[in-house]
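Residue-level structural notes
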Amino acid sequence: MNEIVKNGINGPIMTSSGDKREHLYKILIIGELGTGKTSFIKRYVHKFFSQNYRATIGVDFALKVLHWDQNTIIRLQLWDIAGQERFGNMTRVYYKDAVGAFIVFDVTRSGTFECVSKWKEDLDSKVQLPDGSPIPCILLANKCDQEKQGLVTNPEKMDEYVKENGFAGWFETSAKENINIDEAARALVNKILLNDKLISAADLDADKIDLQGSSGYGGSGGKKRDCAC
Ligand code: GTP
Ligand code: MG
């Protein structure tokens, strides 16, 4: 389903070339140091895993191209944000224009789970969709090939946690064993596509109302545009 291209930084765009629609979506991967964010991306995009740990400095990028269906190409611009950024001043810059996110914790270190809510608060306070709603975010319980510790040992409690904290879902993942990597990404893209459709439909409706207003047929309701008249 996919072909890989490295890099490229841009805001979200949607173009239509011939019959094919192309979407570009910016996605963030955040969470504590050493939880496996870079490994998740390496597995997802480059299809390999390394046990060597080299902390990411600042931010790193990768681009994943999905041939989603016959008519749709999706480019995911993945922003791999260093755990050492820890909700600092730079995250506002990094989060700008993102339309989806993963928060990653390490199932073997419950301390990394305790910080999840801080990352989520940081995210929700610094980036929103154009309609003001929070961007969809999926929680990744990574390193599930190893022995788990804490709340993640109880899936029902995790379900509750995820609901209460406004996540779009959660997955146990292993970048090492390639468990649930594609599934988690697909779940996030589905949410993003849904939001994109809703937002485009809302824009279309607003345009219709404006058109009616400007041609004298109509409606007083609807979204007002910034214009001189
Ligand atoms: P920062 O860049 O410092 O924020 O860390 P990171 O979240 O990018 O972590 P990284 O992907 O570099 O992984 C940290 C360590 O965990 C590395 O030694 C990886 O090999 C290991 N690791 C990552 N994912 C898994 C996994 O699914 N299972 C196991 N067993 N080890 C993993
Ligand atoms: Mg990293």
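Since the structure is predicted, the reported quantities are computational estimates derived from the model, not experimental observations.

Attention now moves to the coordination of the magnesium ion (ligand 2). Looking at the magnesium ion (ligand 2), one finds its protein donor set to be Thr38 (OG1) and Thr56 (OG1), positioned 2.0 Å from the metal centre. With threonine 38 in helix 1 (residues 37–46) and threonine 56 in the loop between helix 1 and strand 4 (59–69), the pair connects residues that are 18 residues apart, well separated along the chain. Residue threonine 38 is classed as partly exposed on the basis of its relative accessible area, which comes to 23%. Since its relative accessible area comes to 15%, threonine 56 is described here as buried.

Further remarks concern the pattern of salt bridges. Scanning the model with the defined rule gives 8 salt bridges in all. With a shortest N-O distance of 3.3 Å, glutamate 22 and arginine 75 are connected by a salt bridge. Here glutamate 22 is found in strand 3 (residues 20–31), whereas its partner arginine 75 is found in strand 5 (residues 72–81), with 53 residues between them in sequence. Residue arginine 75 is classed as partly exposed on the basis of its relative accessible area of 26%. Linking lysine 126 and aspartate 122 is a salt bridge whose minimum nitrogen-to-oxygen distance equals 2.6 Å.

Bringing helix 5 (residues 155–164) into the picture now. Restricting attention to buried positions, one finds in helix 5 the residues Met158, Tyr161 and Val162. Here the buried residues of helix 5 occupy an arc of 95° about the axis, which is enough to place them on one side. Turned more than 90 degrees off the buried face of helix 5, the exposed positions are Glu156, Lys163 and Glu164. In the core, the buried residues of helix 5 are packed alongside strand 6 (100–106), helix 3 (110–114), helix 4 (116–126), strand 7 (137–142) and strand 8 (169–173).

Rules behind the numbers
Residues numbered from 1 in each chain as written. Chains lettered and ligands numbered in written order. Predicted model: local features only at pLDDT ≥ 70, side-chain atom pairs only at ≥ 80, totals over all residues. Heavy atoms only, no water. Donors = N, O, S within 2.8 Å, 3.2 Å for Na, K, Ca; no water. Helix = DSSP H or I, 4+ residues; strand = E, 2+ residues; numbered from the N terminus. Buried < 20%, exposed > 50% of the residue type's maximum accessible area, 1.4 Å probe, protein only. Salt bridge = Lys/Arg side-chain N within 4 Å of Asp/Glu carboxyl O. Arc of directions from axis to C-beta. Contact = heavy atoms within 4.5 Å.

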